[in-house]
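Read off the chains here:
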Amino acid sequence: MILNKVYTLVFLRNEQQILLGLKKRGFGVNKWNGFGGKVEPKEEILDAAVRELKEECCMSVRKHNLKNIGNLQFTFEGEALMMDVRVFSATSFVGDPEETEEMLPKWFDYDKIPFEDMWLDDKLWFPYLLKDKLFYGRFHYQGYDKILNYTIQELNSMERK
Ligand SMILES: Nc1[nH]c(=O)nc2c1ncn2[C@H]1C[C@H](O)[C@@H](COP(=O)(O)OP(=O)(O)OP(=O)(O)O)O1
């Protein structure tokens, strides 16, 4: 049986740039990524997204300004876990990004996204994000540095059937 765990992943954007954070510890350490983490038991996904963004880079966003733009599912060879990552984007937010014990935030121009220091899958689905397309991706990893197989598709809507 596969254990499904839900995570959030939030990207703040403006016309020229996207905010990424360098993970300072734990899962994905030393990689640039959006902000997010595990949804706690009984917590709503949007509440978790708001909470993690605040905890990790001190930025505030209102739930209704978070747009669910993608769903990524990760499995790992030999492990009975599926990471079910709900991806959000926001263009309305408040605050100045601050370094925390978990993340070092930095704005990146859209043509300078540091894919070589990000999860391998990111360069496969970022084109959808950057073109404001909705997407679903499934990636099966061996360890954390090799993708054995994947599928990715554009969606018309994020509604779950
Ligand atoms: N292959 C991958 N590509 C990607 O772009 N983001 C990924 C990814 N695998 C996981 N993520 C994201 C999902 C989530 O935002 C984050 C992982 O969350 P964490 O493990 O840091 O959760 P928590 O902050 O709840 O952890 P702790 O509080 O340290 O237990 O990384």
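Residues numbered from 1 in each chain as written. Predicted model: local features only at pLDDT ≥ 70, side-chain atom pairs only at ≥ 80, totals over all residues.

(A) Geometry of the site of the ligand. Looking at the ligand, there are 16 residues lining it, with Phe 27, Gly 36, Gly 37, Lys 38 and Trp 119 nearest. Of the residues forming the shell around the ligand, the biggest block, three residues, is contributed by strand E1 (residues 3-13). Tallied by class, residues from the shell around the ligand come to seven nonpolar, six polar and three charged. (Near = placed C-beta within 6 Å. Helix = DSSP H or I, 4+ residues; strand = E, 2+ residues; numbered from the N terminus. Nonpolar A, V, L, I, M, F, W, Y, C, P; charged D, E, K, R; others polar.)

(B) Quick peek at helix H1 (residues 45-57). The end-to-end C-alpha distance of H1, which contains 13 residues, comes to 18 Å, matching closely the 18 Å that a straight helix rising 1.5 Å per residue would cover. Close packing links the buried residues of H1 with E1, strand E2 (17-23), strand E5 (81-90) and strand E6 (103-109). One or two residues past the end of H1 sits Cys 58, with phi positive at roughly 65°. (Expected span 1.5 Å × (residues − 1). Contact = placed C-beta atoms within 7 Å.)

(C) Fine view of the nonpolar core. Residues Val 10, Ala 49, Leu 53 and Phe 88 are the most contacted members of the largest nonpolar core, which totals 31 residues. At five residues, the largest contribution of residues to this core is made by H1. In contact with Phe 88, other than residues within four places in its own chain, are Thr 8, Val 10, Ala 49, Leu 66, Lys 67, Asn 68 and Ile 69. (Core = buried A, V, L, I, M, F, W, Y, C linked by C-beta atoms within 7 Å. Buried ≥ 20, exposed ≤ 12 C-beta atoms within 10 Å, placed from the backbone.)

(D) Quick look at the UniProt feature "domain: Nudix hydrolase" (unreviewed entry) in the protein chain. What UniProt calls "domain: Nudix hydrolase" (unreviewed entry) maps, in this numbering, to residues 1-134. Each end of residues 1-134 is marked by a C-alpha atom, and these two atoms are 29 Å apart; helix forms 16% of the span and strand 36%. (UniProt positions renumbered as here; feature names shortened; annotations may be inferred.)

(E) Highlighting helix H2 (residues 122-130). Inspection of H2 places Trp 125, Tyr 128 and Leu 129 among the buried residues, and these make up the whole buried set. Seen end-on, H2 carries its buried residues on one side only, within an arc spanning 100°. Among the exposed residues of H2, those pointing more than 90 degrees away from its buried face are Lys 123 and Pro 127. Turning to H2, the residues buried within the fold contact E1, strand E4 (67-76), E5, strand E7 (134-142) and strand E8 (146-155). Asp 132 occupies a position one or two residues after H2 and carries a positive phi of about 60°. (Arc of directions from axis to C-beta.)

(F) View of the pairing of E7. Across seven bridges, the pairing between E4 and E7 is parallel. Bridge pairing links Thr 75 to His 140 in E7. Bridging between E7 and E8 involves nine bridges; their strand directions are antiparallel. Counterpart to Tyr 136 in the pairing with E8 is Gln 153. In sequence, E7 turns back onto E8 through a hairpin of three residues, with Gly 143 there showing a positive phi of about 65°. (Pairing = 2+ DSSP bridges.)

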